[in-house]
Amino acid sequence: MDDDRGRRADLMPAAVDSGLRAGGAGAASARSDMARRRFLIGVATVGMAAAVRPQLLLADTLVIPNAEGFLLVDMKKCQGCGTCMMMCSLAHTGEASYSLSRIQIQQDSFASWPNDIHMAQCHQCPDAPCVQVCPVTPVKANKPNPKFGNVRMIDQDLCIGCQMCIGACPFIPSRIQWNPGIGRSQKCDLCVDTPHLGAKGGPGGVQACVQSCPVGAIAFTRDMPKTNTEASYTKDLRGPVWKKLGMTTE
Amino acid sequence: MALYGYAGKILRLDLTNRKAMVLDTERYKSWGGGHGLGAALFWEFCKDKTIKDGRHPANVCCVAASAVCGTGVPSATGRTEVVGVGVGYDGINWFTRSGFGGRFSTMLKYAGWDAIVIEGKADKPVWIDIRNESVVIRDASGLWGKDTWATQLDIWKLIGIETGTHTGWVALDDLKDAPKRESGDAGRTTQKPAIVAIGPAGEKSGHGALIHDAGNGAGQGGFGSVWGSKNLKAISVIGTGSVKVANPMALIQARQALKTKYITSYEAPDFRQWSRVGGLAKPLTQAPIPTEDRRPQACQGCVNGCRSRSNLGYGNESACQETFWYNEFAQKVAKSPNEMGELSLKVADLCQKYGINTFVLQPGLPWLEHLHEAGLLGPGKKIPSSLPWEKLGTLEFAEKFVRALATGTDIGRDLADGFVPGARKWGREVDLRTGALQFSYWGCAEHGYDPRAELEWGYGSIMGDRDTNTHCFNFMFTTVSAALAYALPIRVDAKELVEIQARKLVPYAKDRPEVFDFSDRNMYSEAVAQLVRWQQHYCRFWKNSALFCDLKWPDLINTNTPNLEGATGSDDAGEHVFWNAVTGDKLSLADGIRLGRRIWNLDNAIWTLQGRHRDIVQFAPYIYDTKYEKNELFPFYMWPCRDEKGNWAYTDLMGRSIDRKGFEAWKTTFYRLEGWDTKTGWPTERTLAELDLGFVVDALKSAGRLGKERAA
Amino acid sequence: MSSQLPLPTAELAGRILAKCSYADRLPAGRFTARVGIMRGTVRGLPELHLYLAPDERSLPAVNFDRLADWIERVVADAELANATRAAARAADSYVSTCIATHALVERRLEQARAVLGLPAPGAHDAPGARS
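Residues numbered from 1 in each chain as written. Chains lettered and ligands numbered in written order. Predicted model: local features only at pLDDT ≥ 70, side-chain atom pairs only at ≥ 80, totals over all residues. Heavy atoms only, no water.

1. Let's talk about the arrangement of the chains
Thinking step 1. The protein chains that touch form two pairs of chains, and the pair with the most contacts between them is chains A and B.
Thinking step 2. There is a gap between chain A and chain C: no contact, and a shortest C-alpha distance of 9 Å. (Contact = heavy atoms within 4.5 Å.)

Quick look at the structure:
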């Protein structure tokens, strides 16, 4: 059964997750299916030079080729060390940071396993909403990169900082991050653009999070998961050694 | 010039006047971070360094990260050091230290701070709300009296952070009571504030610990009570920034080298590997965890987590000592291993919530039982107590016992300043002579590594300020003794073990394996003194200041590598490799140890002002007057020793005591090697000058406590 | 060996199941990595049985020579004392001695309960059982 919990409908001006709305309604509150959505225009942009498509009422529907690489996570295995977050931000920017990490590990020390940890990786969505909604023309800032397996990447030189992609991400937390230092959005590129990694990234290459995870709770695959849900992007990565250590492999 | 690794700012809090000030980290960079930084700040801001109780308003408590916190350096990223004058000792409460793991130091760095200096005393309970550069001292009257978990959850609510994990990005500007800003953007996070808090034990007794999240604790030293005396309930920090790293690629590669070369793999694990850093993630919970539905849980950046979270609804993040101290009694009551595990973990939760130092409970409770059984303690007895001793071993007894100690009620009233002061109040000095009260050094609980057997542990503790809790070499005892107990192969023989480790004992004992010989004929030797120096100096910098975790470092020998050499000091994954990758420094392992010596000497200067003299550097009487009996306990305490022909073998160290004269001679040797006045133990002007500590000379001179140079 | 122990008398069975005085306690301990050796006490064979129960996290700390003497002196069960001495001699490691002695004591407790018509204590839970 697909887990719809991670998806939400966004009817606000594209800003940030709906968790920021007045009242702070949590993720658990009911969300309508996002099969049909409309984005409202009305977002100010900063220092905009590139053209934006006028009078967008409906997102243009582009044909977006599928990505050729995906991250799978095992939320029951993660030890919550945050190493993936720090290595991700280091590999991309040379600075260690939670907020600049393109994979987010969220924890609640007072919650019970397995709900004490949530791993939030980019799904490299088919028909990626973040790509669909990018208003920059003639070339989108957020788009699949055919040189690197159609990984959905945000070109920082083209991004105008409108943050519509952040709002378009169907998951909570949004898999797109806002970098206030440079006024741009950023996202997981499967380590294509990682000048500090010391290895070739992208599909077929190294991902900093996969490489660095001390317990092997993150894996790379070329096979697109069956459905675009958190459940489908979650995999049991534990195995007999885990069992021998006294922990469940279910 | 870029300051790599450091956030660049230190927060200085004046609780008396409710002021928050900013210091420039660059001025203190030479101290590294953690303990060194904290000791330097203590020296600068504590106006009366002669105080002997951490609850004195002149005490200054420093909470410090290091350059590597928040960067991903393995098993260092998440540690935090706390220093100041402690509480709960016997006689003089020394300037002391404690540490805790988790994610506080990481978040502190991302908020833009390297350390926090806490001075004065607030007139009413307060908590500190740090959100990036914004620091607000808030009223804690609604939190005072609450346990540490309730306090943290309440603060999340006060700030406007949801519980649970499937939460969205939060803009700091949108949180409750967010500071108004003219321009810019405070950034966003998906993380919860990292909070360290005190519970009732810190508010009402001398046994207070600092607790962070569910199970990270700074227990020894009584810093929870220090905060309580300042009316400080909690510090919360949330940060959206980053830490610049000098050579990120080198850091990433060193981390990868550590993982692939020094740590056993999940694909083909060696469950019986000998190393410190090289095992799999495994909770150090000391009772069976009654479920398989759990995960290992780690401090930020750790290579193999030592805690756990499960689906039980109790026991999250508790491990090691807090899950051990009650077991001797619980196992007599529990009807099954699962019930035993449940009891142990629920008792640990109690202690986390009360925020109590569990180290004192471990030898303390058996001693109290002894008094009760002797007819001295109980209802209507000489030591009145209404604790239900007939229910010893149950959760009910544990709750009442911990509450009594935490709140200073029942027997907790007389024990509020410490167990040994309490024993003196009750006229029970005899128990320190017989060993019925196993508090071996400075009124601190014996750890489980008896000073009569494991010399570097006892000597390091008594020459310092507390139970040393430095496991650098201790794995030799546990690993070899366990192997013998199970009749498992001894993977490395004694000679090879000491020789491999000795290669890394720069600068004092390189290639001097005799420093490990704890045989009777060597126990008061210069060689053992060098080992103790190495350990204390290494730890003062690499572990207490740079903040590499005591559970994983140093890694001197490692059976995961082809040549058995450990990661410590290695060119690919040594401590200095990580430090230099982050900071851009060019330190060697030995450079760090020399820095540790400097920090250790600053500590000794503070102890000297507090009243230290070699005459009071003494173990509890039972260490001299009774033997560590082979008969009573575990049949062997194995350690590498040489025989009279110089041949190495694992040898049983049970059955001896420390000889007073031998120890006095050893002390003299230690002082001489340290460059301290052998008559007093005080630092000399020449040593202080050598270590660039000339600034402490005047204070010691004014106090009439500057050491004299003596002929060797 | 344990099956060769004759059934105890009712009087001996009572002592086998009893908790002894604090003064008659057997000093014992627990050995675990990271925490070390901590002292404890054993006050009777039922507590000894618990102490010696296999546990992968820690080892019981018991001196088996002294244990046999204690069984003879405090419990006054010479047959069990001799059986534990023999088990210790036959075992090839300390842990094997613990396991063998645990089995001996367990059998002896069962015999004592049978003689006195007492029920067995609750069965041990399997790992993963919830309370």
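2. A word on unusual backbone geometry
Thinking step 1. Along the chain, Val506 of chain B connects to Pro507 of chain B via a cis peptide bond; the corresponding omega equals -5°.
Thinking step 2. Of note, Pro507 of chain B is situated in the loop between helix 15 (494-502) and helix 16 (526-543).
Thinking step 3. Across the junction of Trp553 of chain B and Pro554 of chain B, the peptide omega takes the value -5°, indicating a cis bond.
Thinking step 4. The residue Pro554 of chain B is located in the loop between helix 16 and helix 17 (575-583) in this model.
Thinking step 5. The phi dihedral of Asn150 of chain A is positive, around 60°, even though this residue is not glycine.
Thinking step 6. Mapping Asn150 of chain A onto the fold places it in the loop between strand 7 (142-145) and strand 8 (151-154).
Thinking step 7. Judged by its relative accessible area of 12%, Asn150 of chain A is buried. (Helix = DSSP H or I, 4+ residues; strand = E, 2+ residues; numbered from the N terminus. Buried < 20%, exposed > 50% of the residue type's maximum accessible area, 1.4 Å probe, protein only.)

3. Quick look at the domain arrangement of chain B
Residues and elements named next belong to chain B.
Thinking step 1. The domains assigned to chain B are domain 1 (9-238), domain 2 (281-434) and domain 3 (470-552 + 588-616 + 631-674).
Thinking step 2. Just the C-alpha atoms count here: the centres of domain 1 and domain 3 sit 33 Å apart.
Thinking step 3. Residue-level contacts link 33 residues of domain 1 with 22 residues of domain 3.
Thinking step 4. For the domain 1 and domain 3 pair, buried surface summed over both sides reaches about 2200 Å², with 66% attributable to carbon and sulfur atoms.
Thinking step 5. It is Trp31, Trp43 and Trp94 in domain 1 that bury the most area against domain 3; as a group they hold 28% of the surface buried on that side.
Thinking step 6. At the surface where domain 1 touches domain 3, the tally comes to zero salt bridges.
Thinking step 7. At the junction of domain 1 and domain 3, the tally comes to twelve residue pairs in polar contact (both at pLDDT 80 or more).
Thinking step 8. Looking at the side of domain 1 that touches domain 3, the elements that each hand over two or more residues are helix 1 (34-45), strand 4 (80-85) and strand 5 (95-100).
Thinking step 9. Tallying contributions element by element places helix 1 first for the side of domain 1 that touches domain 3, with seven residues.
Thinking step 10. A per-class count over the side of domain 1 that touches domain 3 returns 17 nonpolar, eleven polar and five charged. (Domains from an automatic or database assignment. Buried area = accessible area lost by both parts, 1.4 Å probe. Salt bridge = Lys/Arg side-chain N within 4 Å of Asp/Glu carboxyl O. Polar contact = N/O pair within 3.5 Å; in protein donor to acceptor, adjacent residues only side chain to side chain. Nonpolar A, V, L, I, M, F, W, Y, C, P; charged D, E, K, R; others polar.)

4. Topic: the layout of surface pockets
Thinking step 1. In this structure, the largest pocket encloses a volume near 1700 Å³.
Thinking step 2. Lining the largest pocket we find 48 residues, and of these Phe271, Arg272 and Lys282 of chain B together with Ala33 and Glu56 of chain C sit closest to its centre.
Thinking step 3. Secondary structure elements with two or more residues in the lining of the largest pocket: helix 14 (475-485) of chain B together with strand 1 (26-32), strand 3 (59-61) and helix 5 (94-116) of chain C.
Thinking step 4. By residue number, the principal contributor to the lining of the largest pocket is helix 14 of chain B, which donates five residues.
Thinking step 5. Two domains share the lining of the largest pocket, each providing at least three of its residues, namely domain 2 (281-434) and domain 3 (470-552 + 588-616 + 631-674) of chain B. (1 Å grid on protein atoms, 1.4 Å probe; cavity = no way out; pocket = protein on both sides within 12 Å on 5 of 7 lines; lining within 4 Å. Points joined across faces, edges and corners; volume = space filled by probe spheres on them.)

5. Looking at the confidence of the model for chain C
Residues and elements named next belong to chain C.
Thinking step 1. Per-residue confidence for chain C gives a mean pLDDT of 86, with 90% of residues at or over 70.
Thinking step 2. At the low end of the mean pLDDT range in chain C sits strand 2 (residues 36-42), at 83; at the high end sits helix 1 (residues 10-17), at 97.
Thinking step 3. For the stretch residues 123-131, pLDDT sits under 50, and the model shows 16 contacts to residues farther than four places along the chain or on other chains.
Thinking step 4. Across the interfaces of the predicted complex, the ipTM metric reaches 0.97, alongside a pTM of 0.93. (pLDDT = per-residue confidence, 0-100.)

6. Observations concerning the packing of helix 9 (residues 361-373) of chain B against helix 10 (residues 395-407) of chain B
All names here are of chain B.
Thinking step 1. For the pair helix 9 and helix 10, interaxial distance at closest approach is 13 Å and the crossing angle is 105°. Looking at the two axes, helix 9 sits roughly perpendicular to helix 10. Contact residues: helix 9 offers Leu361, Leu365 and Leu368, while helix 10 offers Phe397, Phe401, Val402 and Leu405.
Thinking step 2. A per-class count over the contact of helix 9 with helix 10 returns seven nonpolar, no polar and no charged. (Axes fitted to C-alpha atoms, helices over the stretch in contact; angles between N-to-C directions. Parallel < 35°, antiparallel > 145°, perpendicular 65-115°, else oblique.)

7. Looking at the sheet that holds strand 12 (residues 210-212) of chain B
Residues and elements named next belong to chain B.
Thinking step 1. Judged by pairing direction, the sheet is mixed, and its six strands sit side by side in the order 8-7-14-11-12-13 without closing on themselves. The open sheet terminates on both sides in strands that have one partner only, identified here as strand 8 (134-139) and strand 13 (216-218). Averaged over all adjacent pairs, the angle separating strand axes in this sheet is 15°, with direction ignored.
Thinking step 2. Here helix 3 (residues 148-159) sits on the sheet and contacts strand 7 (126-131), strand 11 (194-197), strand 12 and strand 14 (232-238); the angle it forms with strand 11, its principal contact strand, is near 140°. (Pairing = 2+ DSSP bridges.)

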